[in-house]
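Here's the letter readout for the chains.
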Amino acid sequence: MLGLRRCHDRLHVRNRRRIMASPPTTRLDAAHFDAQALRWDANPAFRARGEKLAQAIRQAVPLGPHMRALDYGSGTGLLSFPLKDELGSILLADSSGGMLEVAARKIAEQGVRNLATVKLDLLVDPLPAQRFDLIYTSMTLHHVPDTDRILRIFHALLKPGGYLCVADLDQEDGSFHGPEVDVHHGFDRAELSRRAAKAGFGDVRFQTVFSITKEQENGARDYPVFLMSAQRANHP
């Protein structure tokens, strides 16, 4: 019994050390983005990234005024505003009410008639009744816990022949947000392509759009951002 007790004590100490050594987990939830919403558009890097991604989508998808689009994880609309004149309508969806308030104010101030906002978390809320010709999402997928499920939901929300565009980080070591932040550390392109195909998408393609440079302990580091484009089959 004494030997078993000592063994148990050693295991207990090792487990305590392991727990104490684990970094705290931080979630970048809606409240986090609410707090940044009012100053989001003041960042010229964010605005430039929206323009670059809009151009990449133009190259990947034949846009037209007949198309209804969903911008999932839209933030303040920095990707949708550059595309608004090339699409029939765009629904800006986000779980951050603060971001959507900024987007709605911009829509009203500019008199834009084909943009609308909705507070929406597709993993929690009922799916919208609308079906879309195009769904795009920028730097959002790595915040979604269940990648396979959200890809299946995107597929369900697209009309036959509809397009999906996903912009996100290439796989990295966790240093982009920090190891304590509970997100996916980017995506391996081959693995994401396999997951998209499993969800029902075809014609999966990738292009590198830009890199985000961040200062780390060992100096500046570049984090490439890709655009994945894919298409739902042209039948129900």
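The coordinates are above.
Structure report, in brief. (Residues numbered from 1 in each chain as written. Predicted model: local features only at pLDDT ≥ 70, side-chain atom pairs only at ≥ 80, totals over all residues. Heavy atoms only, no water.)

## Topic: the packing of aromatic side chains
Here the structure, examined in full by the defined rule, presents three aromatic pairs. Ring geometry for tyrosine 72 against phenylalanine 154: centres 5.8 Å apart, planes inclined by 75°, an arrangement best described as edge-to-face. Remark: phenylalanine 154 occurs in helix H6 (residues 147-157) and tyrosine 72 occurs in strand S1 (residues 68-72); sequence separation between them is 82 residues. Summarising the burial analysis for this pair, tyrosine 72 and phenylalanine 154 share the class buried. Aromatic side chains phenylalanine 206 and phenylalanine 226 sit 5.3 Å apart centroid to centroid with 70° between the ring planes, which places their arrangement in the edge-to-face category. Here phenylalanine 226 lies in strand S7 (residues 219-232) and phenylalanine 206 lies in strand S6 (residues 201-216), a separation of 20 residues in the sequence. Sitting over the ring of phenylalanine 81, lysine 106 keeps its end group 4.7 Å from the ring centre. Lying over the aromatic face of phenylalanine 176, lysine 214 brings its terminal NZ or CZ to 3.9 Å of the ring centre. (Phe/Tyr/Trp six-rings, centres within 6.5 Å; stacked < 30°, edge-to-face > 60°. Helix = DSSP H or I, 4+ residues; strand = E, 2+ residues; numbered from the N terminus. Buried < 20%, exposed > 50% of the residue type's maximum accessible area, 1.4 Å probe, protein only. Lys NZ or Arg CZ within 6 Å of the ring centre and 35° of its normal.)

## Things to note about the sheet that holds strand S4 (residues 132-138)
The strand order across the open sheet formed by seven strands is S3-S2-S1-S4-S5-S7-S6, and the pairing between neighbours is mixed. At either end of the open sheet lies a strand with only one pairing partner, and these are strand S3 (115-119) and S6. In this sheet, neighbouring strand axes are inclined to one another by 15° on average, regardless of whether the strands run parallel or antiparallel. Pairing of S1 with S4, which is carried by three bridges, proceeds in the parallel orientation. Across the sheet, residue alanine 69 finds its bridge partner in S4, namely leucine 134. Set on the sheet, helix H5 (residues 97-110) makes contact with strand S2 (89-94) and S3; between it and S3 the angle comes to about 165°. (Pairing = 2+ DSSP bridges. Axes fitted to C-alpha atoms, helices over the stretch in contact; angles between N-to-C directions. Contact = heavy atoms within 4.5 Å.)

## Overview of the pattern of salt bridges
Should their charged atoms come close, side chains of opposite charge can pair. Per the counting criterion, the structure on display carries nine salt bridges. In this structure, arginine 58 engages glutamate 86 in a salt bridge whose closest nitrogen and oxygen atoms are separated by 2.9 Å. Taken together, the positions of arginine 58 in helix H3 (residues 44-60) and glutamate 86 in the loop between helix H4 (80-83) and S2 put the pair 28 residues apart, joining distant regions of the chain. The exposure class assigned to glutamate 86 is partly exposed, which follows from its relative accessible area of 26%. Ionic pairing is found between aspartate 133 and lysine 159, a salt bridge with its closest N-O pair at 3.5 Å. (Salt bridge = Lys/Arg side-chain N within 4 Å of Asp/Glu carboxyl O.)

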